[in-house]
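# Structural overview for review
Take a look at the letters that make up each chain.
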Amino acid sequence: MVQGVYILEQDRQENLQASKALAPPWWNFFQFDLHSQLTDDAVSCIFGAIYKSKHPPSQHTTSYIIAFCCMLIKGNAFSYDLELDIHIIKTGCTVKNLVGS
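Let me begin by describing the structure that accompanies this report. What you see is a predicted model; the values in this text were computed from it and never measured.

Before going further, it helps to spend a moment on unusual backbone geometry. Even without glycine at this site, N15 takes up a positive phi of about 55°. Classification of N15 by relative accessible area gives exposed; the value is 56%. One non-glycine residue, Q31, adopts positive backbone phi at about 65°. Position of Q31 relative to the elements: it lies in the loop between α2 (24–28) and β1 (32–40).

Here's what the structure looks like:
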């Protein structure tokens, strides 16, 4: 599911939409739909996703999965990503960061 987030961001960068997008097979394989994208408004990138199960809720299945990308380690992205991580730890992730919910 994390790989789906990476590919979702790659699709965004390459402006791949609908049938040309490469990310949907990553969550469709596990019988989930993309419910929301977690985005960073400062740099307009996708850093996570919330997936919702295609199956009805039950006590034996997972209804939602939240997946985050790992840290970026090239150039200035590393220090910026580390700042974001510290900010989220201090303040929490707010609903404002959710797109499509």
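All right, on to the nonpolar core then. V5, I7, L8, A23, W27, F32, I46, A49, Y51 and A67 together form the largest nonpolar core, which totals 10 residues. Counting only elements with at least two residues in this core, the list comes to α1 (2–13) and β2 (45–53). With residues up to four places along the chain from it excluded, the contact list for V5 reads I46, F47, G48, A49, Y51, A67 and C69.

Reading the values: the criteria
Residues numbered from 1 in each chain as written. Predicted model: local features only at pLDDT ≥ 70, side-chain atom pairs only at ≥ 80, totals over all residues. Heavy atoms only, no water. Buried < 20%, exposed > 50% of the residue type's maximum accessible area, 1.4 Å probe, protein only. Helix = DSSP H or I, 4+ residues; strand = E, 2+ residues; numbered from the N terminus. Core = buried A, V, L, I, M, F, W, Y, C linked by side-chain atoms within 4.5 Å. Contact = heavy atoms within 4.5 Å.

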